[in-house]
Amino acid sequence: RDVSEAFQPQHYRHYAAQIHRAALDAAARLAHDSEVDLEAEMLKLSLDIIGKTLFSVNLLDQANELSRAVAEILRHLTARIQNPLSLGLGGTRAAVRLLDTMIFKMIEARRVQHSPPPDLLTSLVRLELSTLEIRDALMNLFVAGHETSGTSLAWTLYLLATHPAPLARLQAEVRERIGSREVNLEAAGQLPYTLQTIKESMRLYPPVHSLGRQARRAVRIGRHELKRGALVVVSTYLLQRREDYFSEPLLFKPERFETQAEAVIPKNAYLPFGLGARACIGKHFALLQAQIILATLATRVRFEVQAGTPAQPEMLITLRPRNGIRARVQTLKVGAS
């Protein structure tokens, strides 16, 4: 058993129920606010979900502090990539220490727990791994899992807030097919347009905007001769906005991902989850999570983004909205649009 076991289909029914409850709690919190930062709120929700589904712990009270720590680490890593000679650590040591403290506490508490829950953390503790090896696995999932999911959700809500027609269609789909019922695993399968919306959002704003690879042998790519060991960076952000792959590439058109339309997208022109052996292990979990959250929020709250102030992407390790996304919150009666 390894990390991949946590993302096997047999766990998804349980995950879906936890995601729905977390989304309902988020909708209730949002209903008390007149204005929010969509990025901060979705990172908080994503953190809550990953804590409960994979670690069986409540991280909500620490969510803002933990998200700030992750952002600090990502900014530092980006700075080091842009300037390898950069030595300043700023608040990065404190950020890593905060995350380490949280993770080490989880590991030690689980080691002595009499009847541990059957989650990913328990699986790792039962393997013959050192505390540091478990910490590394959890840190990767924690940072990558909550950061990419939260950022992607924020961009999706922003696009829906600025495109009334797709929002109305998504709300109608949820209202007609689900109504006030729980958005569980089966319900998610009845929401094709909701899934199309998420996929189109990830085309325009892929949470991981670039993919790095290393040449295993000398190879020629177009006019470029690459030696063995050369590093190559593929811009997913630019690739997925190419006009020869996507008509009107800068427009938000979820119908691109209707079954027949998606089938004619050129192979490897759409890579929000990467490609090959290093493709994102949590792809299906992330899509299920996004579907359930959107469907739960869509008929409970509406977001309005101030006109004339488009969100600007900031290319850190992930594609974050620069300075967040401020939005006004309007509470809806369930089933309304």
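This write-up is about the structure you can find in this document.

Reading guide: rules and limits
- Residues numbered from 1 in each chain as written.
- Predicted model: local features only at pLDDT ≥ 70, side-chain atom pairs only at ≥ 80, totals over all residues.
- Heavy atoms only, no water.
- Salt bridge = Lys/Arg side-chain N within 4 Å of Asp/Glu carboxyl O.
- Helix = DSSP H or I, 4+ residues; strand = E, 2+ residues; numbered from the N terminus.
- Buried < 20%, exposed > 50% of the residue type's maximum accessible area, 1.4 Å probe, protein only.
- Phe/Tyr/Trp six-rings, centres within 6.5 Å; stacked < 30°, edge-to-face > 60°.

1. Re the pattern of salt bridges
Step number 1: For the structure shown, the criterion picks out 19 salt bridges.
Step number 2: When the shortest N-O distance is used, the salt bridge between Arg-135 and Asp-100 registers 2.6 Å. Separated by 35 residues along the polypeptide, Arg-135 in helix 6 (residues 131–161) and Asp-100 in helix 4 (residues 92–111) bring together distant segments of the chain. Both residues of the pair, Arg-135 and Asp-100, count as buried.
Step number 3: We note a salt bridge from Arg-320 to Glu-147, for which the minimum N-O separation is 2.7 Å.

2. Things to note about the packing of aromatic side chains
Step number 1: In total, this model carries six aromatic pairs according to the counting rule given.
Step number 2: For the pair Phe-7 and Phe-285, a centre-to-centre distance of 5.9 Å together with 80° between the ring planes defines the contact as edge-to-face. Here the residue Phe-7 occupies a position in the segment before helix 1 (12–30), and Phe-285 occupies one in helix 12 (residues 283–298), the gap between them amounting to 278 residues. Of the two residues examined, Phe-7 and Phe-285, each falls in the buried class.
Step number 3: For the pair Trp-155 and Tyr-158, a centre-to-centre distance of 6.0 Å together with 75° between the ring planes defines the contact as edge-to-face. Of this pair, Trp-155 and Tyr-158 both sit in helix 6, three residues apart, roughly one helical turn. For the pair shown, Trp-155 and Tyr-158 are each scored as buried.
Step number 4: Here the aromatic cluster, defined as three or more aromatic residues joined through ring pairs, consists of Phe-7, Tyr-12, Tyr-15 and Phe-285.

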